[in-house]
Amino acid sequence: MPELAKTQPPAAALDTVDRGILRELGDNPELTNKALATRLGIAESTCAYRVRALRDNGVITGRRLDVDTRALGYPLQAVIKVRLGSHSQEHVEKLYDDLVRTPGVIQAFHVAGADDFHLYVAVEDAEALRDFVLQHVTVHRVVRQTETLLVFELREGPGVLPRDTA
């Protein structure tokens, strides 16, 4: 998941062609420009220009490769909830920076509520999960408490752009 942008374009700035591009690329990010233009019924040059503009304006923020963590030897997934004892900006930013650089972290969320962070991680087994928490999370003085939730199954939602179900 990309970092949340500090400044985001207003939703009204995206027309039906832009939304169509995003919907099609959301379904299949490997579409060629030619195939994308054909699906949308627009000229290839227009399509290329629009995709470039969406990237330049920060609407499309990157490309991503999804990997099955089980195939890499990391079958156990978990969400680790982290509560802090101090909320100074310096402590929060240092911890966040350290957590997102830690191998095994798939996503790190800085959240509001009772918890301060949620870490989505993948590890080899229960022992590796325990070691992850002890060696990479609770070693930070600012961490007051953790709670670990095992992930049994993960399913992707439809996202914010409606998809064709036909």
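We now turn to the structure provided with this report. Source: prediction; values computed, not measured.

Rules and cut-offs
Starting afresh in each chain, residues are numbered from 1 along the sequence in its written order. Note on the predicted model: pLDDT of at least 70 is required for a residue's local features to be given, and 80 or more for side-chain atom pairs to be given and counted; whole-chain, interface and lining totals, by contrast, use all residues. Think of the side-chain values as coming from all heavy atoms in the structure, minus any hydrogens and water. We count a stretch as a helix when DSSP gives it H or I for four or more residues in a row; a strand needs E for two or more, and each element gets its number in order from the N terminus. When accessible area is computed with a 1.4 Å probe and restricted to protein chains, residues below 20% of their type maximum are described as buried, those above 50% as exposed, and intermediate ones as partly exposed. Contact between two residues is taken to exist if any of their heavy atoms lie within 4.5 Å; hydrogens are not considered. When DSSP finds two or more bridges between a pair of strands, those strands are recorded as paired. Orientation is described by lines fitted to C-alpha atoms, with helices fitted over the stretch in contact, and by angles between N-to-C directions that extend from 0 to 180 degrees. Multiplying 1.5 Å by the helix residue count minus one yields the expected span of that helix. Taken from the helix axis, the directions to the C-beta atoms give the arc we talk about. In protein, a polar contact requires one atom able to donate a hydrogen and another able to accept it; more generally it is a pair of N or O atoms within 3.5 Å, and residues adjacent in sequence count only if both atoms are side-chain atoms. Just so you know how the angles are binned, under 35 degrees is roughly parallel, over 145 roughly antiparallel, 65 to 115 roughly perpendicular, and the rest oblique. Note on residue categories: nonpolar means Ala, Val, Leu, Ile, Met, Phe, Trp, Tyr, Cys or Pro, charged means Asp, Glu, Lys or Arg, and polar means any other residue, Gly included. What we call a nonpolar core is a set of buried Ala, Val, Leu, Ile, Met, Phe, Trp, Tyr and Cys residues that are connected through their side-chain atoms within 4.5 Å.

This part covers the overall build of the protein. Secondary structure summary: the protein contains five helices and four strands in total. Mapped in sequence order, the helices and strands of the protein form the string α-α-α-β-α-β-β-α-β. Taken over 166 residues, the protein has a buried fraction of 28%. Within the protein, counting contacts between residues at least 6 apart in sequence, those at least 24 apart form 62% of the total.

Let us now look at the pairing of strand β2 (residues 105-110). As judged from the five bridges shared by β2 and strand β3 (residues 117-123), these two strands associate in the antiparallel manner. Along β3, the bridge assignment pairs Q107 with Y120. Where β2 hands over to β3, the hairpin turn is made up of six residues, of which G113 adopts a positive phi near 120°.

This next bit is on the sheet that holds β2. Strand order in this open sheet of four strands is β2-β3-β1-β4, and the pairing throughout is antiparallel. Both edges of this open sheet fall to β2 and β4 (143-151), since each of them pairs with a single strand only. Put simply, the sheet's adjacent strands are angled 20° from each other on average, direction ignored. Across the face of the sheet, helix α4 (residues 89-100) comes into contact with β1 (76-84), β2, β3 and β4 while running at roughly 160° to β2.

Before going further, it helps to spend a moment on α4. With twelve residues, α4 ought to run about 16 Å at 1.5 Å a step, and its terminal C-alpha atoms sit 16 Å apart, in line with that. For α4, the full list of buried residues reads V92, L95, D98 and L99. Each buried residue of α4 lies within a common arc of 135° when the element is viewed along its axis, so the set occupies one face. Residues of α4 that are exposed and angled more than 90 degrees away from the buried face: Q89 and E90. Next to the buried residues of α4 lie β1, β2, β3, α5 (126-137) and β4.

Mapped onto the fold, T69 is located in the loop between α3 (44-56) and β1. Among the polar contacts listed, one links the side chain of T69 to the side chain of Q77, at a separation of 3.0 Å. Excluding residues within four positions of it along the chain, T69 makes contact with Y74, P75, Q77, I106 and A122.

Taken N-terminus to C-terminus, the directions of helix α1 (residues 16-27) and α3 make an angle of 80°; their axes are 10 Å apart at the nearest point. Comparing the axis directions of α1 and α3 gives the class roughly perpendicular. Across the interface between the two elements, V17, D18, I21 and L22 of α1 pack against C47, R50, V51 and L54 of α3. Residues belonging to the contact of α1 with α3 are distributed by class as follows: six nonpolar, no polar and two charged.

A separate point is the nonpolar core. Of all hydrophobic cores here, the largest spans 21 residues; its most connected members are I80, V82, L84, L119, V121 and F132. When residues of this core are traced back to their parent elements, those giving at least two are β1, α4, β2, β3 and α5. When residues no more than four places from it in sequence are discounted, the contact partners of L119 are A78, V79, I80, V82, L99, Q107, A108, F132 and V137. Of all hydrophobic cores here, the second largest spans twelve residues; its members include I21, L25, C47 and L161.

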